[in-house]
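Close look at the chain arrangement
Take a look at the letters that make up each chain.
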Amino acid sequence: VKIQAPKAIKYNDLKELVQISVGYETLPFEVRQDYFKLNDKAVLVPITIEFDNKELSFEFEKGQQVAKLAVYGIVTSIKQRVVDEFDDDVYQSFSSEIFQEQLLRRSTYQKILTLDRKMRHRIDLVVKDVRSGRVGVVRKALAAPAYDGDELKASSLILSDALWILDEAPDKDMFVLGDVHVRPSLLKSFSSTKSLGVYLQVYNAAFDQASLKPSLKARYKVFRGEKTVIDVTDEAGKSIQFSSGHRVVLIANLPLKNLEPGKYSLELEVHDRIKDQKITTRDKFRVVRPFEMSASK
């Protein structure tokens, strides 16, 4: 019974802030939620928090500049039933040599939840800077898309500044879906010297009875205004990282070296050639010069 019991919550003071419905932002942070179908009953919901390092209080400890955050989250159903509850200690540390540079950057935390995909939920998040006592509170609705039926469907589209395949999937880690490390960029600002990471899951794809594989064509198009500046078509399925009867995972890293700084939009069209069905998903992002990344990430 003790093993199966939920982990005891350490930060009851943060929990009380939710219970009395306090809403303020003395410690600002941004939140993003994504949805990925797990099975017919459940969805994975990564909750990603991003904050400016310059907003944190650092102290010198054992040769490092160290900040400590306490994160508390509670998920409730529409009937106010507690579905999940968690808290974490988050440490950020830098050597003195890079401290000033890192103050201009941003840091990211993630908690991946498993929720009933046919229910609406609400999440209350409280983040506290342990040294200064500054607190930020954010409340968001969680509503998974409908994945019913046989038509081609898609997960959330993630634009990532850190996307790669892992040698093996860790038991527990932030930013890990299957054996892919994928960290969402909440600001969606990408250096012109780097790549734009793209992650998408597709559901209800048909499988060829001979090869037991899907036959998907993925087309990645980047626009600046009405002008197409990148147009890459994957006919052979090279961007298919994983496929099963439940999902097909598509990943790609699109080089941005030839793009001028500015605002862009990505369009990803997936064509199931067996079903002759298409689905298109879109998002916007910015390309910035390398030195600008220090002020935006």
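A short tour of the structure in this document, coming up. In this text the structure is predicted, and so the values were computed from the model without any measurement.

Parameters and conventions
- Residues numbered from 1 in each chain as written.
- Predicted model: local features only at pLDDT ≥ 70, side-chain atom pairs only at ≥ 80, totals over all residues.
- Heavy atoms only, no water.
- Helix = DSSP H or I, 4+ residues; strand = E, 2+ residues; numbered from the N terminus.
- Contact = heavy atoms within 4.5 Å.
- Pairing = 2+ DSSP bridges.
- Axes fitted to C-alpha atoms, helices over the stretch in contact; angles between N-to-C directions.

Moving on, we come to the environment of K118. Structurally, K118 is set in the loop between β7 (106-116) and β8 (121-129). Taking C-alpha positions, K118 is 8.7 Å from P145, a pair spaced 27 residues apart along the chain.

Bringing the side chain of S155 into the picture now. Mapped onto the fold, S155 is located in the loop between β10 (153-154) and β11 (158-165). Those residues in contact with S155 that lie beyond four places of it in its chain are Y35, F36, Y147, L200, Q201 and Y203.

With that settled, consider the pairing of strand β9 (residues 135-142). As defined by bridge partners, β8 adjoins β9 across eight bridges and the pair is classed as antiparallel. Counted as the bridge partner of D124 is R139 from β9. In this antiparallel pair of consecutive strands, β8 and β9, the connection spans five residues, and G133 shows a positive phi of 85°.

Spatial strand order, β14-β21-β20-β16-β17: five strands in an open sheet with mixed pairing. Each edge of the open sheet is held by one strand with a lone partner, namely β14 (189-191) and β17 (227-234). Here the average twist between neighbouring strands, direction ignored, is 30°. In this structure, strand β16 (residues 216-224) lies alongside strand β20 (residues 262-272), joined through eight bridges in antiparallel fashion. Across the sheet, K217 pairs through a bridge with H271, a residue of β20.

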